[in-house]
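Okay, here's what each chain looks like letter by letter:
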Amino acid sequence: MSQDSFSLKNPNNGETTDLQVRSGTVGPDVVDIRKLYASQGVFTFDPGFAATASCESKITYIDGAQGVLMYRGYPIEQLAKQSSFVEVAYLLLYGELPDGEQLAAFEQSIRLHTMINETMLRLFNGFHYDAHPMAMVAGVVGSMSAFYHDTTDIYDQRHRDIFAHRIIAKIPTIAAAAYKHTLGQPFSYPRNDLDYASNLLHMFFAVPAETYEIDPVAAEALDLLFILHADHEQNCSTSTVRLAGSSGANPYSAIAAGIAALWGPAHGGANEAVLTMLQEIGSVDRIETYVAKAKDKDDPFRLMGFGHRVYKNFDPRATLIREACHKVLARLGRVDTPLFDLALRLEEIALQDEYFIEKKLYPNVDFYSGIIYRALGLPTSMFTVMFAIARTVGWVSQWREMIADPDGRIGRPRQLYTGPPKRDYVPITER
Ligand code: SDX
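For clarity, every value in this text was computed on a predicted model and none was experimentally measured.

A. The arrangement of the sheet that holds strand S2 (residues 16-22) in detail. The strand order across the open sheet built from three strands is S1-S2-S3, with neighbouring strands paired in antiparallel fashion. Each edge of the open sheet is held by one strand with a lone partner, namely strand S1 (5-9) and strand S3 (30-31). Bridge count between S2 and S3: two bridges; the pairing is antiparallel. Bridge pairing in S3 links Arg-22 to Val-30.

Okay, here's the thing in structure tokens:
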């Protein structure tokens, strides 16, 4: 039975404060420090929030030591094998698996909202052909707050539902428009007769000059990748969406902030960085050199796709994606799999190395995902966009939970100030 409070004695004045300990369904207890500053005049200090629970949530749970990931209590392995991305989206948004009628209605609502305003399409003409797709997607998603004024009462449940369905339905269309812009190809409109992943493949790869056949293996692989990337507790981009949303900002702009945060190479941008790294390593005989660089404190090089703030064991998503790589490459008839073979060998060597063992650095979700995106024909610049499409479901689900929280407050962390003490202004003639 865990204790129900922590007694904290201030060494400067002997004052003691009892801080309540709260337990969740599963996972570490938390010490509620909300009254700490008022009672003891001190802040806690936790840059990067490695030991801080920023909120209470019922959506996703990770056990980093055991390599466990659950969406609303369902293990990711079961959802990956038995569910679909649209069904997982419903689960994350509404908390329960839908029955047949609920799923059909939800799926239909998404299908009927995939088109974007024609003037939004014209925004892409403002970008150079070589603009990074993540920059275009972040910009155009942010512009949705300029188009959709009709449903911005975020305290109205119906408006929150319309926002959720709209952004989940339209993010693939915006992503495809960005991709087509980089190619200089005409945009392919979404089709209501296709499922979520197949529609995305159609919008990415169909051209007016010929009919495009959806490869079911590719659609199945995409659907799996979307399930695995859908949500992940209070990661950097989700925390960004919660913080931006906590001010009552337009929800589309909060999602745009999440896309911007995801783009960083330490976060979702790692999947693009992994492929660049594998291409730079080039061959198995150069792996040792790069592993040595990753271990060298004086070398900024890191093994991209390795390590995780929470997982100190295998990222279960990496395991599932690695399995999918084998299947997808074989069924797509890929014989030229040097990058996948290189990735497998790199994993094998790294996981036998004392440095990676001691620091508990395992492959994360980004290590293998790019292998599949590349096999599907996508350029590395689109990899993080794929992550953003899937994570939009998680961002929206977490934003809804935050907005509906009756105790919700604007996020406003404090700091430890170590700047100059008070001093008087010195006129320039006296400096
Ligand atoms: C995602 O949070 C999430 O849930 C994110 C995510 C999600 O679904 O939302 O899972 C998606 O972002 C996955 C992570 C993708 N990023 C990468 O693959 C980039 C490479 N990995 C790292 O930069 C790093 O591991 C992080 C950013 C993922 C985690 O960083 P932490 O928790 O702040 O850990 P750290 O940087 O303090 O590293 C701890 C030690 C350090 O050595 P010491 O200072 O203790 O001697 O491990 C070393 C680091 O130098 N280290 C690495 C390493 N990652 C950490 N050394 C070599 N190669 C690496 N990849």
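B. Focus on the packing of helix H14 (residues 316-331) against helix H17 (residues 365-375). For the pair H14 and H17, the least separation of the axes is 8 Å and the interaxial angle reads 25°. Between H14 and H17, the angle is such that the two are roughly parallel. The element H14 and its partner H17 pack so that their crossing is left-handed. Judged by residue contacts, Arg-317, Ala-318, Ile-321, Arg-322, Ala-324, Cys-325, Val-328 and Leu-329 of H14 engage Val-365, Tyr-368, Ser-369, Ile-371, Ile-372 and Ala-375 from H17.

C. Up close: the sheet that holds strand S5 (residues 68-71). Spatial ordering of the open sheet is given by S4-S5-S6, a layout of three strands whose pairing is antiparallel. Every other strand in the sheet has two partners, leaving strand S4 (60-63) and strand S6 (74-75) as the edge strands with one partner each.

D. Representation of the site of the ligand within the structure. Near the ligand lie 24 residues; those nearest to it are His-232, His-308, Arg-309, Arg-317 and Arg-391. Arg-302 is positioned such that a nitrogen or oxygen atom in its side chain is 2.9 Å from an oxygen atom of the ligand. Contact with the protein chains hides 77% of the accessible area of the ligand, taken as 1,000 Å² for the molecule alone. The residue inventory of the shell around the ligand, partitioned by class, reads 10 nonpolar, seven polar and seven charged.

Scoring rules and cut-offs
Residues numbered from 1 in each chain as written. Predicted model: local features only at pLDDT ≥ 70, side-chain atom pairs only at ≥ 80, totals over all residues. Heavy atoms only, no water. Pairing = 2+ DSSP bridges. Helix = DSSP H or I, 4+ residues; strand = E, 2+ residues; numbered from the N terminus. Axes fitted to C-alpha atoms, helices over the stretch in contact; angles between N-to-C directions. Parallel < 35°, antiparallel > 145°, perpendicular 65-115°, else oblique. Left-handed = near helix turned anticlockwise from the far one by under 90°. Contact = heavy atoms within 4.5 Å. Near = heavy atom within 4 Å. Polar contact = N/O pair within 3.5 Å; in protein donor to acceptor, adjacent residues only side chain to side chain. Areas by Shrake-Rupley, 256 points an atom, 1.4 Å probe, with all protein chains shown as cover. Nonpolar A, V, L, I, M, F, W, Y, C, P; charged D, E, K, R; others polar.

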